[in-house]
Amino acid sequence: MEILFPQMSGDPTEPGVLLEWRAPNGSAVIAYQIIAEVTVDKFDAEINSPVDGTLEWLVEEGDEVAQGAPIAVVR
């Protein structure tokens, strides 16, 4: 299942930043576990895993990411 960068700004073209991964790449995660922290225009949010599985990062900490773009996959 793809995990998308959330829509957090009134301007959907404004990019965000993946601040921190809270779960290592390749680790087992469970549904509702916090896996990342992101920010857009000084507004921070935590992202939870939607399902149980293995986390695969698609972006690195500090990367600029478009709102709505995939940041990880849980298989």
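Note: the structure precedes this text.
These figures come from a predicted structure and were not determined experimentally.

Parameters at a glance
- Residues numbered from 1 in each chain as written.
- Predicted model: local features only at pLDDT ≥ 70, side-chain atom pairs only at ≥ 80, totals over all residues.
- Heavy atoms only, no water.
- Pairing = 2+ DSSP bridges.
- Helix = DSSP H or I, 4+ residues; strand = E, 2+ residues; numbered from the N terminus.
- Salt bridge = Lys/Arg side-chain N within 4 Å of Asp/Glu carboxyl O.
- Buried < 20%, exposed > 50% of the residue type's maximum accessible area, 1.4 Å probe, protein only.

A. Geometry of the pairing of strand β6 (residues 53–57). Note: strand β3 (residues 28–29) against β6, two bridges, orientation antiparallel. Bridge pairing in β6 links A28 to T54. As defined by bridge partners, β6 adjoins strand β8 (residues 70–74) across three bridges and the pair is classed as antiparallel. Counterpart to W57 in the pairing with β8 is A72.

B. Molecular detail of the pattern of salt bridges. Taken as a whole and assessed by the stated rule, the structure comprises four salt bridges. For E20, the salt bridge goes to R22, with nearest N and O atoms at 3.7 Å. Classification of E20 by relative accessible area gives partly exposed; the value is 34%. Its relative accessible area of 35% is what places R22 among the partly exposed residues. Across the pair R75 and E56 runs a salt bridge whose closest N-O atoms are separated by 3.0 Å. In this pair, R75 sits in the segment after β8 while E56 sits in strand β6, placing the two residues 19 residues apart along the sequence. A relative accessible area of 64% means that R75 is categorised as exposed.

C. Examining the sheet that holds β6 more closely. Taken together, four strands build an open sheet; the order of strands is β1-β8-β6-β3 and the sheet is antiparallel. Both edges of this open sheet fall to β1 (2–4) and β3, since each of them pairs with a single strand only.

D. Up close: the pairing of β8. Of all the five residues making up β8, four are buried; the element is thus mostly covered by neighbouring parts of the structure. Sheet topology note: the β1/β8 ladder contains three bridges and is antiparallel. Directly across from I3, in β8, lies its bridge partner A72.

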